[in-house]
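Listed below, chain by chain, are the residues.
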Amino acid sequence: MFQRYVPADGFAALFGRSEGFGVLLAAAIGVPLYACGGGTIPLLQQWLAIGMSMGSAAAFMVTGPATKITNLGALKIVLGLRRFCLYLAFVMAFAFGSGMVVNWLV
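All values reported here derive from a predicted model rather than from experimental measurement.

(A) Fine view of the environment of Ile41. Relative to the assigned elements, Ile41 resides in helix H4 (residues 37-49). A C-alpha to C-alpha distance of 8.5 Å links Ile41 and Met61, two positions 20 residues apart in sequence.

So, in structure tokens, the structure goes:
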């Protein structure tokens, strides 16, 4: 689906060259997607092939499984709204930081 409808040069511009923004965007996209760790691997392989940075892929890989809808529902019930929002903020911050470190190392 991405190969057909998303232009590769536009995708590379969003997630490849502008490292900080691309990492943050990848982390933000990973939050609402219902993705498991194994299911994102083929998707990330394709995205990396068309220009996604390794840091953006790492950020997406962290937020996707950490924010599956079933996990979020259980966490909101157990933690309450305030701590649940803190959890989401921590996941986003950790994903962004991890992505930036990966970009720096690679």
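(B) Structural detail: the packing of helix H5 (residues 54-66) against helix H7 (residues 81-105). It is the contact of H5 with H7, at a shortest axis distance of 7 Å, that shows an interaxial angle of 155 degrees. Classified by the interaxial angle, the pair formed by H5 and H7 is roughly antiparallel. Pair H5 / H7 crosses with right-handed handedness. Side by side, H5 and H7 meet where Met54, Gly55, Ser56, Ala58, Ala59, Val62, Thr63 and Ala66 of the first sit next to Tyr87, Val91, Met92, Phe94, Ala95, Gly99, Val102 and Asn103 of the second. Across the contact of H5 with H7, the residue classes tally to 11 nonpolar, 5 polar and no charged.

(C) Representation of the packing of aromatic side chains. Applying the stated criterion to the full structure yields 2 aromatic pairs. Measuring from centroid to centroid gives 5.1 Å for Trp47 and Phe60, while their planes differ by 70 degrees, and the two rings are edge-to-face. Of this pair, Trp47 sits in helix H4 while Phe60 sits in helix H5; the two residues are 13 residues apart in sequence, bridging distant segments of the chain. Across the pair, exposure class does not vary: Trp47 and Phe60 are buried alike.

Calculation criteria
- Residues numbered from 1 in each chain as written.
- Predicted model: local features only at pLDDT ≥ 70, side-chain atom pairs only at ≥ 80, totals over all residues.
- Heavy atoms only, no water.
- Helix = DSSP H or I, 4+ residues; strand = E, 2+ residues; numbered from the N terminus.
- Axes fitted to C-alpha atoms, helices over the stretch in contact; angles between N-to-C directions.
- Parallel < 35°, antiparallel > 145°, perpendicular 65-115°, else oblique.
- Left-handed = near helix turned anticlockwise from the far one by under 90°.
- Contact = heavy atoms within 4.5 Å.
- Nonpolar A, V, L, I, M, F, W, Y, C, P; charged D, E, K, R; others polar.
- Phe/Tyr/Trp six-rings, centres within 6.5 Å; stacked < 30°, edge-to-face > 60°.
- Buried < 20%, exposed > 50% of the residue type's maximum accessible area, 1.4 Å probe, protein only.

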